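Structural overview for review
The primary structure of each chain is shown beneath.
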Amino acid sequence: MRVTLSDEARRFIALFEDETGATARDCLPHDDRVVILVAAGEMGAAIGPGGAHVQAVEETIGRDVELVEDASTPSAFVESALAPAAVRHVTLSEQGGETIAYVEVPDDDRGVAIGADGTHIETARTLAQRHYDIDDIQLT
């Protein structure tokens, strides 16, 4: 699947990669934050010692930076996108030509998975659609 990036997203990716040495696979710029999809296995480099790398990026762009680690399977990707919520199980289902990920999350972590005003789950939905053609994520 091919992801089209805006000029702003490309600039954020270039800055992020220069600052952290980690590979960015995607970027979702928002007014108050930037979500960066980090290549699998490179989250430590992206964060840096004591969070120094990601903090430097935040200071440079003047926005919060949220990191999501890429994964090799759709289920693992959905789980990663919903972190730090504890995901017990992900079931992918085809219904009416759409792919839906049903995610089992403990009641205590539902709020974490959803995020303030639904921002966390919407980010997960957007990334899952862009990278794995998953049309929706539903919490169970």
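Residues numbered from 1 in each chain as written. Predicted model: local features only at pLDDT ≥ 70, side-chain atom pairs only at ≥ 80, totals over all residues. Heavy atoms only, no water.

Another point: the packing of aromatic side chains. Note on aromatic pairs: each is described by the distance of the centres and the angle between the planes. All chains considered together, the criterion is met by 1 aromatic pair. Their ring planes at 50° and their centres at 5.2 Å tell us that Phe77 and Tyr132 sit as a pair that is tilted. With Phe77 in helix 4 (residues 74–81) and Tyr132 in helix 6 (residues 119–132), the pair connects residues that are 55 residues apart, well separated along the chain. (Phe/Tyr/Trp six-rings, centres within 6.5 Å; stacked < 30°, edge-to-face > 60°. Helix = DSSP H or I, 4+ residues; strand = E, 2+ residues; numbered from the N terminus.)

What follows is about the sheet that holds strand 3 (residues 64–69). Taking strand neighbours across the sheet as the criterion, the 3 strands line up as 1-2-3 in an open arrangement whose pairing is mixed. The open sheet has two edge strands, strand 1 (24–29) and strand 3, and neither has a second partner. Adjacent strand axes in the sheet meet at a mean angle of 20°, parallel and antiparallel pairs treated alike. The pairing of strand 1 with strand 2 (residues 33–38) spans 5 bridges and is antiparallel. Looking at strand 2, one finds that Cys27 is bridged to Ile36. Along the sheet, helix 6 contacts strand 1, strand 2 and strand 3; its crossing angle with strand 1, the most-contacted strand, is approximately 135°. (Pairing = 2+ DSSP bridges. Axes fitted to C-alpha atoms, helices over the stretch in contact; angles between N-to-C directions. Contact = heavy atoms within 4.5 Å.)

This paragraph deals with the confidence of the model for the protein. The share of residues in the protein with pLDDT of 70 or more is 99%, and the mean pLDDT across the chain is 96. Predicted confidence in the protein is weakest over strand 4 (residues 89–95), with a mean pLDDT of 95, and strongest over strand 2, with 98. (pLDDT = per-residue confidence, 0-100.)

Bringing the nonpolar core into the picture now. Counting residues in each nonpolar core, the largest one holds 23 residues, and the members touching the most others are Val78, Leu82, Ala101, Val103, Ile137 and Leu139. Every element with two or more residues in this core is listed here: strand 2, helix 4, strand 5 (98–104), helix 6 and strand 6 (136–139). Take this core: its biggest share by element is 4 residues, from helix 6. In contact with Leu139, other than residues within four places in its own chain, are Leu82, Val103, Val105, Arg110, Ala113, Ile114 and Ile121. Grouped together as the second largest cluster of nonpolar side chains are 16 residues, Ala22, Val34, Ile36 and Ile61 included. (Core = buried A, V, L, I, M, F, W, Y, C linked by side-chain atoms within 4.5 Å. Buried < 20%, exposed > 50% of the residue type's maximum accessible area, 1.4 Å probe, protein only.)

Before going further, it helps to spend a moment on the pattern of salt bridges. For the coordinates displayed, the defined rule picks out 8 salt bridges. One salt bridge in this structure joins Arg33 and Glu66, with 3.0 Å as the shortest N-O distance. Placement of Arg33 in strand 2 and of Glu66 in strand 3 is noted, with a sequence separation of 33 residues between them. Taking the relative accessible area as the measure of exposure, Arg33 reaches 9% and is therefore buried. Across the salt bridge formed by Glu122 and Arg125, the nearest N and O atoms sit 2.6 Å from each other. Of the two residues, Glu122 and Arg125 both sit in helix 6, 3 residues apart, roughly one turn of that helix. With a relative accessible area of 41%, Glu122 lands in the partly exposed category. Residues participating in the shared-partner salt-bridge network are Glu122, Arg125 and Asp136. (Salt bridge = Lys/Arg side-chain N within 4 Å of Asp/Glu carboxyl O.)

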